[in-house]
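Chain by chain, the residues:
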Amino acid sequence: MLIEHFSRNKAGASLFLLITLNLGNLILQTRLIANAANASTNLLDFFSKTFHNFGTGTINLIDSYGNYIQVKKENEALTKQIEEYQQIALQVNALEDENRKLRENLEYQQKSEFTTIPAEVISIDPDNWFQTIIINKGSEDGIMPYMPVIAYQVSKERVPIINEVDPGMNAEILDPLRKNEQFETREVLKQGVVGKIIQVASHSARILPITDQYSKLGIKIKKSNHWGILSGQSQSRELPVLEFITLAITLEEGDEIITSGASGMFPPNIPVGKITSQIKRLATFQEAIILPEIDISRLTTVLVITKIPHNPEKDFTPSLSHETEQVAIQKIHGPVVEKKNLEENPPATTKEESAEPVKQKSGFKGLFQ
Amino acid sequence: MILEKIIIITALLISYFLQTSIDFFRLGSIKPDFILLITTYFAIYRGEFIGLWVGYIGGLLLDINLGTMASMDNNTIRQYIGINAIPKAVCGYLAGKVSRNFNKDNTISWVAIIFSLTLLKGIMTFLLTSIFYNSMAAQTIITVILPEAFYTSALSIFWFKFLYWAIPPLQTQ
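Residues numbered from 1 in each chain as written. Chains lettered and ligands numbered in written order. Predicted model: local features only at pLDDT ≥ 70, side-chain atom pairs only at ≥ 80, totals over all residues. Heavy atoms only, no water.

A. Structural view of the overall build of chain B. Per the secondary structure count, chain B includes six helices and two strands. The order of α-helices and β-strands along chain B, N terminus first, is α-α-α-β-β-α-α-α. When each of the 173 residues of chain B is scored for burial, the buried share is 58%. Taking the contacts inside chain B whose residues are at least 6 apart along the sequence as the reference set, 71% of them involve residues at least 24 apart. (Helix = DSSP H or I, 4+ residues; strand = E, 2+ residues; numbered from the N terminus. Buried < 20%, exposed > 50% of the residue type's maximum accessible area, 1.4 Å probe, protein only. Contact = heavy atoms within 4.5 Å.)

B. Here's a closer look at the pairing of strand 8 (residues 241-246) of chain A. All names here are of chain A. Relative to strand 8, strand 7 (residues 227-231) runs antiparallel, the two sharing three bridges. The residue bridging Leu 230 from the neighbouring strand is Leu 242, located in strand 8. Inspection of the sheet shows strand 8 paired to strand 11 (residues 285-292) by four bridges, in the antiparallel sense. Bridging from a neighbouring strand, Val 241 pairs with Ile 289 of strand 11. (Pairing = 2+ DSSP bridges.)

C. Looking closely at a nonpolar patch on the surface. Among the surface-exposed residues, Leu 94, Val 98, Phe 102 and Leu 120 of chain B lie close enough to one another that they form a single nonpolar patch of about 270 Å² accessible area. With respect to the helices and strands, the residue Phe 102 of chain B is situated in the loop between helix 4 (85-98) and helix 5 (107-132). (Patch = residues over 30% accessible without salt bridge, like charges linked within 9 Å, V, L, I, M, F, W, Y side chains within 5 Å. Areas by Shrake-Rupley, 256 points an atom, 1.4 Å probe, with all protein chains shown as cover. Salt bridge = Lys/Arg side-chain N within 4 Å of Asp/Glu carboxyl O.)

D. Examining the confidence of the model for chain A more closely. Mean pLDDT over chain A stands at 73; residues scoring 70 or higher make up 69%. Mean pLDDT per element in chain A: helix 9 (residues 351-363) of chain A is the minimum at 36, and strand 9 (residues 256-259) of chain A is the maximum at 91. (pLDDT = per-residue confidence, 0-100.)

E. Quick look at the sheet that holds strand 7 of chain A. Residue and element names in this part refer to chain A. Around the barrel, six strands lie side by side as 6-7-8-11-10-9; this closed barrel has antiparallel pairing. When strand polarity is set aside, the average angle formed by the axes of neighbouring strands in this sheet is 40°. Relative to strand 10 (residues 271-281), strand 9 runs antiparallel, the two sharing three bridges. Residue pairing for strand 10: Glu 256 is matched across the bridge by Lys 274. (Axes fitted to C-alpha atoms, helices over the stretch in contact; angles between N-to-C directions.)

F. Main features of the side chain of Lys 220 of chain A. With respect to the helices and strands, Lys 220 of chain A occurs in strand 6 (residues 216-221). Contact partners of Lys 220 of chain A, with chain neighbours within four places excluded, come to Asn 225, His 226, Trp 227, Glu 256, Ile 257, Ile 258, Thr 259, Ser 260 and Asn 269 of chain A.

G. Main features of the packing of aromatic side chains. Applying the stated criterion to the full structure yields 14 aromatic pairs over all chains. Summarising the aromatic geometry, the rings of Phe 244 of chain A and Phe 285 of chain A are spaced 5.4 Å apart at their centres and angled 90° between planes, so their arrangement reads as edge-to-face. Taken as a pair, Phe 244 of chain A in strand 8 and Phe 285 of chain A in strand 11 lie far apart in primary sequence, 41 residues in all. Between Trp 159 of chain B and Phe 162 of chain B the ring centres are 5.5 Å apart and the planes differ by 40°, which places this aromatic pair in the tilted class. With a gap of three residues between them, Trp 159 of chain B and Phe 162 of chain B both fall in helix 6 (residues 140-166), about one helical turn apart. Residue classification places Trp 159 of chain B among the buried positions, given a relative accessible area of 15%. It is Lys 10 of chain A that lies over the ring of Phe 49 of chain B; its NZ or CZ is 4.6 Å from the centre. (Phe/Tyr/Trp six-rings, centres within 6.5 Å; stacked < 30°, edge-to-face > 60°. Lys NZ or Arg CZ within 6 Å of the ring centre and 35° of its normal.)

H. Summary view of the packing of helix 2 (residues 10-28) of chain A against helix 3 (residues 48-66) of chain B. In the contact formed by helix 2 of chain A and helix 3 of chain B, the axes pass within 8 Å of each other and the chain directions differ by 20°. Between helix 2 of chain A and helix 3 of chain B, the angle falls in the class roughly parallel. Our pair here, helix 2 of chain A against helix 3 of chain B, has a crossing hand that is left-handed. Across from Lys 10, Ala 11, Ser 14, Leu 15, Leu 18 and Asn 22 of chain A in helix 2 of chain A, the residues of helix 3 of chain B making contact are Glu 48, Phe 49, Leu 52, Trp 53 and Tyr 56 of chain B. (Parallel < 35°, antiparallel > 145°, perpendicular 65-115°, else oblique. Left-handed = near helix turned anticlockwise from the far one by under 90°.)

I. Layout of the nonpolar core. Formed by 61 residues in total, the largest nonpolar core has its most connected members in Phe 42 and Phe 160 of chain B. Taken together, the elements giving at least two residues each to this core come down to helix 2 of chain A together with helix 1 (2-20), helix 2 (34-46), helix 3, helix 4, helix 5 and helix 6 of chain B. With sequence-adjacent residues up to four places away left out, Phe 160 of chain B is seen in contact with Leu 37, Thr 40, Tyr 41, Ile 44, Trp 110 and Ile 114 of chain B. In terms of nonpolar packing, the next biggest core, distinct from the first, is built from 44 residues, Met 144, Val 193, Ile 197 and Ile 270 of chain A among them. (Core = buried A, V, L, I, M, F, W, Y, C linked by side-chain atoms within 4.5 Å.)

If you want it as structure tokens, here you go:
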């Protein structure tokens, strides 16, 4: 009877089955459909990349023709400016030398532990509900889950006009001059945090941006070094919120926010954003809306920092198969010694040295194997 | 029959790429729902069965695009599979059923259908997300669902005419 009814009403039966299957999957949180879906991720991302490249190429072609005359005028103006800048460059060289000597005196060590992998954005914000950014680099290029992602972006900013001041002037004389300084809008190159890698395929990866509602980032306020948490909000509120800041400090509009480095995921002191005028004082903490340094809606390229989260106590479970994980680790750290080989042929090193690669291996489990 | 399936899959994939890879149609923070537009088009002109499956597969593609997320704290995995697929499948089915009682060539009819379906899809996505993931602010209804419904239905005036030209209904072929 039921089969007869279903065979007569194919659409209704299909709808019933699909809803039951998907709701069951959501309620039980089984990985049945997720596994199948993840298998097709590579293929979809390949087509996305092709489509994106085709679209970008066409737009670039049209733009290049339209911009030709403007570029010619700009070229003439820039040639004049270069002559002026050449003079400035000579002064900068002298200052750099002086700076280097001062740094050497202070025994300053410039730290650059991590390398970066540049990647191009191939998809951004697929719908109006969740935010995901897909880039064209994956585990084959050395990318792993939870690697931090940053970007450089040119944006317009009001900066004070620097007048020529006699270098002999001391600070007291300069202060009243600074009060009357004028501002102009200039294009400034900014560095900032974009988010973290949450899923990696062989030639693509997904980023969870800091503005997404599921994003949490450990930060500190640059001026006072107080720690807090930057949480993304729902899509209806685009800017992230800075939470759990003690009432002991006075937050002001324009205060800079940088990464704290406490989570072990992001390196410290990367610019995140600036506090807006929306500051709320709660009973025990205060919170503020943050304007990120990087405008995610016009993101085209990003830099993935090849830093694996340093938190051995927690067992991370990113969605990366063991084979692709090993390829990615090898790209960053060189060949990894397998545990089995270690047991059979123990190297002539100390126990601490030989244990290191095994710890790395156990730290990342493949979910969809 | 095979050609028909190829046409449907191609149209669906193009809609998916327009939804995910092209930012040209973004108005503020709102994008029109191309997957829902193609779902409704096929539901109206090919029936609820086709509409249902186009909606489901289109929604599933979006869910895959959103990816899965492993939680760092308790070894759990958050998957979005179903969040877009269920509402769009229901919309495809309903569009096919409802369109029988409307004049398919009347612009106002399809704009009204698409406006209602986008609202319904928005409310279903809102409820599914709130139940299975994270409670969402009720404000989302005003800031996301309504603008999306207005934008998608407004765009449908041109988009349906384009689709009618590109993929004509079966009876006129």
